[in-house]
Amino acid sequence: MNPLLKNFAFVILILLAVGGLFSLLYFPSTTPNQISATQLVSDINAGNVKKVVVAGDTLNITYTDDKTATSMKEANVSVTDLLTNLGVTKDSLQKVQIDIQAPQESVWTWLLPALLYGVLPLLLIGFFLWTMMRQAKTGAMQAFDFTKARARIFGAEGHGKEKINFKDVAGLKEAKEELVEIVDFLKFPQKYVAMGAKIPRGVLLVGGAGVGKTLLARAVAGEANVPFLSISGSEFVEMFVGVGSARVRDLFSMAKKSAPSIVFIDELDAIGRHRGAGIGGGHDEREQTLNQILVEMDGFEKETGVIILAATNRPDILDPALLRPGRFDRKIVLDPPDVHDREEILKIHSKTKPLASDVNFKEVAERTPGFTGADLANVANEAALLAARYNKKEVDQKEFLDAIEKVLLGPERKSHILSKKEKEIAAYHEAGHALVSTFSPDTEPVRKISIIARGMAAGYTLQVPSEERKMKTKTGFMSEIATLLGGCSAEKIKFGEMTTGASNDLQRASELARRLVKEFGMSSLGLIAFGEKEELVFLGKEISEQRNYSEKIAERIDEEVDIIIKGAQKNAEIILLKRKNLLDKVAKDLIEKETIERAEFEKLIKSK
Ligand code: ADP
Ligand code: ZN
């Protein structure tokens, strides 16, 4: 029952009881025969009345036949006066025995008013106070409950129909390969513990919205058949101080209880932002929550069997403390899907839909560069909706193609889609980077080239060091700068002019050139470091520089930077002009496949 209603009913009950008490006292249940004064007078005159007892203003009459009755008299008038005034003869009156009784003072006559006016209000006030206190207490209990992590659990047995496996995740091959080990650990933890092996506790899944971070995390839980506890970072950031950290504690204790298990923290950046980056110093709620996460992660026993997967699309703003060994020391990057992956994703999401024979997922995939997994799932769904609207029995290719537009124009699509021309430019740009890098001295091998838009960049060329390197040569730096400029050089060679797509490259190239001169002493200015760096914590990670050199030196620094950039640019152009055919070939391949892996790229270069 509603507590308010209950209280209300209670109050009504009390009032009823009090009312009952009243009526009991003031209106005795045995109401004797009430007669009027005139009736009394005629009765007396008739000689029927034996006795009249006067109690206050009440006259209790006893008849000769022992019947009784009552009557009333006015106050301040004696009975005899009253009766004679009304015409009782003296004779008859004498026959009647008249007793005057002191008015019966019942205890209640004074106690009840006292109770009513003194005690009852107190009781009522007390009652209200009590209910209020009780409510406050339950309120506090609710506030306490509120700290419980509202984690959604998909239990090992509760996976049911929803159970997701790696086969439900298209593409993301590398990510899956890395996660296989985690699955194995969750399945056979003893194997690893016996070997004294350290299993990563936290894995960071990095990728834009909708690339399948959540899906993959759930697939890991599904593969290992362990409970999946999921919570979003933004949920931690609630209004009460201390609630966030209490929730973290709760979440982890829940995870430990159901170990082996997976804790999934979505939007880690919502809590894991670089600490101390807030203006005004930062003992804020978010920071406490973050600290609690760190404490929990450090407190894990090796064999606990709880693995934390966290998703973010901003690994750069995460607090470095989160990335330390024993915490989120593994980073898995989820790339947006390329043509082939897009086709697979479409297939997965069309499995349950009746498809017409003309459906060609390859074509749909080719028309959807830049779409994420979520977008493609949306396309498949929109296609089915359209088909249903046209009362069709099957989903045709036409619906899929229409659905693309619908999703494209939909309000949710924010990421950049390349037009055909843009795709060509991006392909040449990335091919330029890759080729300059490959044919420059002292560089890292190209691991992957892609023209799938990622963040602000239209494409990217990945280079991974073959060995851990701490020291770099000037040659290496020069090659790096040339590689950065290779993108716009290729654009210039092919199209005669540059696009804005290269602006980030230029920024990075000039930054690097400046550091060569100012920090590394790699220019004709000699072995002097210029400028003192200072970290302004209160403004975030902003670095300010104190200039400790003259105007004249500043000019020379600019000159040196200019020389380095010009030199690198020339190198890049020479490399590309010499291999124009190869540039065309790589670019063409890129337009077709969107991503080229290291092996394919090396084959292309050798085939020359
Ligand atoms: P994120 O967590 O990275 O924002 P999700 O994992 O929530 O993205 O993905 C949203 C939806 O997109 C998934 O539920 C799934 O239907 C679809 N999806 C994304 N990536 C894939 C993929 N690689 N294979 C199949 N479906 C995918
Ligand atoms: Zn570039």
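Note that this is a predicted model, so its numbers are computed, not measured. (Residues numbered from 1 in each chain as written. Chains lettered and ligands numbered in written order. Predicted model: local features only at pLDDT ≥ 70, side-chain atom pairs only at ≥ 80, totals over all residues. Heavy atoms only, no water.)

In terms of regular secondary structure, the protein chain is built from 22 helices and 15 strands. Counting across all 608 residues of the protein chain, residues that qualify as buried make up 42%. Expressed as a percentage of contacts within the protein chain between residues at least 6 apart in sequence, the contacts between residues at least 24 apart total 72%. Just so you have it, the protein chain exposes about 33,800 Å², and 57% of that area is on carbon and sulfur atoms. (Helix = DSSP H or I, 4+ residues; strand = E, 2+ residues; numbered from the N terminus. Buried < 20%, exposed > 50% of the residue type's maximum accessible area, 1.4 Å probe, protein only. Contact = heavy atoms within 4.5 Å. Areas by Shrake-Rupley, 256 points an atom, 1.4 Å probe, with all protein chains shown as cover.)

Glancing now at the sheet that holds strand 4 (residues 97–101). The four strands lie next to each other as 3-2-1-4, forming an open sheet whose pairing is mixed. Of all strands in the sheet, those bounded by a partner on one side alone are strand 3 (68–72) and strand 4. Mean inter-strand twist for the sheet, computed between neighbouring axes without regard to direction, equals 20 degrees. Bridging between strand 1 (residues 49–55) and strand 2 (residues 58–63) involves six bridges; their strand directions are antiparallel. Among the inter-strand pairings, Val52 is bridged to a residue of strand 2, identified as Ile61. (Pairing = 2+ DSSP bridges. Axes fitted to C-alpha atoms, helices over the stretch in contact; angles between N-to-C directions.)

The next point concerns the nonpolar core. If you look at the biggest cluster of nonpolar residues, it comprises 44 residues, and the most contacted ones within it are Leu435, Ile481, Val586 and Phe601. Broken down by element, this core gets its largest block of residues, nine residues, from helix 20 (residues 551–578). Look past the residues within four positions of Val586 in its chain and what remains in contact with it is Ala431, Leu435, Ile449, Ile596, Phe601 and Leu604. (Core = buried A, V, L, I, M, F, W, Y, C linked by side-chain atoms within 4.5 Å.)

All chains considered together, the criterion is met by 24 salt bridges. Here Asp335 ties to Lys448 by a salt bridge, and the two come within 2.5 Å at their closest N and O atoms. Separated by 113 residues along the polypeptide, Asp335 in the loop between strand 10 (330–333) and helix 13 (339–350) and Lys448 in strand 11 (residues 446–450) bring together distant segments of the chain. Judged by relative accessible area, Lys448 falls into the buried class, the value being 6%. A salt bridge links Lys347 to Glu344; the nearest nitrogen and oxygen atoms lie 3.9 Å apart. Placement of the pair is Lys347 and Glu344 together in helix 13, with a separation of three residues, close to one helical turn. Residue class for Lys347 comes out partly exposed when judged on its relative accessible area of 37%. A network of salt bridges, in which partner residues are shared, links Glu174, Asp335 and Lys448. (Salt bridge = Lys/Arg side-chain N within 4 Å of Asp/Glu carboxyl O.)

This part is about the confidence of the model for the protein chain. Low pLDDT marks stretches whose predicted atomic positions should not be read closely. Here the protein chain shows a mean pLDDT of 80. Residues at 70 or above account for 81%. Every residue in residues 278–282 scores below 50 in pLDDT, and together they form four contacts with partners more than four places removed in sequence or on other chains. Per-residue pLDDT stays below 50 along residues 536–542; that stretch engages in 14 contacts with residues further than four places along the chain or on separate chains. (pLDDT = per-residue confidence, 0-100.)

A few words on the coordination of the zinc ion (ligand 2). At this site the zinc ion (ligand 2) is bound by His429 (NE2), His433 (NE2) and Asp505 (OD), with donor distances of 2.0 to 2.1 Å. Since its relative accessible area comes to 7%, His433 is described here as buried. (Donors = N, O, S within 2.8 Å, 3.2 Å for Na, K, Ca; no water.)

This next bit is on the site of ligand 1. If you check the shell around ligand 1, you find 17 residues, and the closest are Ala170, Gly210, Lys213, Thr214 and His349. For ligand 1, an oxygen atom lies 2.8 Å from a polar atom in the backbone of Gly210. In the environment of ligand 1, a nitrogen atom lies 2.8 Å from a nitrogen or oxygen atom belonging to the side chain of His349. Calculation on ligand 1 without its partners gives an accessible area of 560 Å², and the protein chains cover 80% of this total. Counting only elements with at least two residues in the shell around ligand 1, the list comes to helix 8 (213–224), helix 13 and helix 15 (373–389). Taken together, the residues of the shell around ligand 1 break down into nine nonpolar, six polar and two charged. (Near = heavy atom within 4 Å. Polar contact = N/O pair within 3.5 Å; in protein donor to acceptor, adjacent residues only side chain to side chain. Nonpolar A, V, L, I, M, F, W, Y, C, P; charged D, E, K, R; others polar.)

Let's shift gears to helix 21 (residues 580–593). In this model helix 21 runs 20 Å from its N-terminal to its C-terminal C-alpha over 14 residues, within 8% of the 20 Å that 1.5 Å per residue would give. For helix 21, the elements touching its buried residues are helix 17 (420–438), strand 11, helix 18 (474–495), helix 20, strand 15 (595–597) and helix 22 (598–606). Positive backbone phi, approximately 75 degrees, marks Glu594, located one or two places after helix 21. (Expected span 1.5 Å × (residues − 1).)

For strand 1, the buried fraction is high: five of the seven residues fall into the buried class. From the end of strand 1 to the start of strand 2, which pair antiparallel, there are two residues, and Gly56 there has a positive phi angle of about 65 degrees. The pairing of strand 1 with strand 4 spans five bridges and is parallel. Each bridged residue has a counterpart across the sheet, and for Lys51 the counterpart in strand 4 is Gln97.

Moving on to the packing of aromatic side chains. The tally for this structure, following the rule as stated, stands at seven aromatic pairs. For the ring pair Phe228 and Phe264, a centre distance of 5.7 Å and an interplane angle of 25 degrees mean the geometry is stacked. Taken together, the residues Phe228 in strand 7 (residues 228–232) and Phe264 in strand 8 (residues 261–266) connect sequence positions 36 residues apart. The pair formed by Phe228 and Phe264 is uniform in burial state, with each residue classed as buried. Seen in terms of ring centroids, Phe361 and Phe400 are 5.4 Å apart; in terms of plane orientation they differ by 90 degrees. Their pairing is edge-to-face. In this pair, Phe361 is assigned in helix 14 (residues 361–366) and Phe400 in helix 16 (residues 397–409), connecting sequence segments 39 residues apart. Through a chain of ring-to-ring contacts, three or more aromatic side chains come together here, namely Phe127, Phe128 and Trp130. The lysine or arginine in question, Arg579, covers the ring of Phe439, its NZ or CZ lying 3.7 Å from the ring centre. (Phe/Tyr/Trp six-rings, centres within 6.5 Å; stacked < 30°, edge-to-face > 60°. Lys NZ or Arg CZ within 6 Å of the ring centre and 35° of its normal.)

Right, let's talk about the environment of Leu485 for a bit. Along the chain, Leu485 falls in helix 18. Here Leu485 falls in the buried class, since its relative accessible area comes to 5%. In this structure, Leu485 is in contact with Leu506, Ala509, Ile565, Ala568 and Gln569, ignoring residues within four places of it in sequence.

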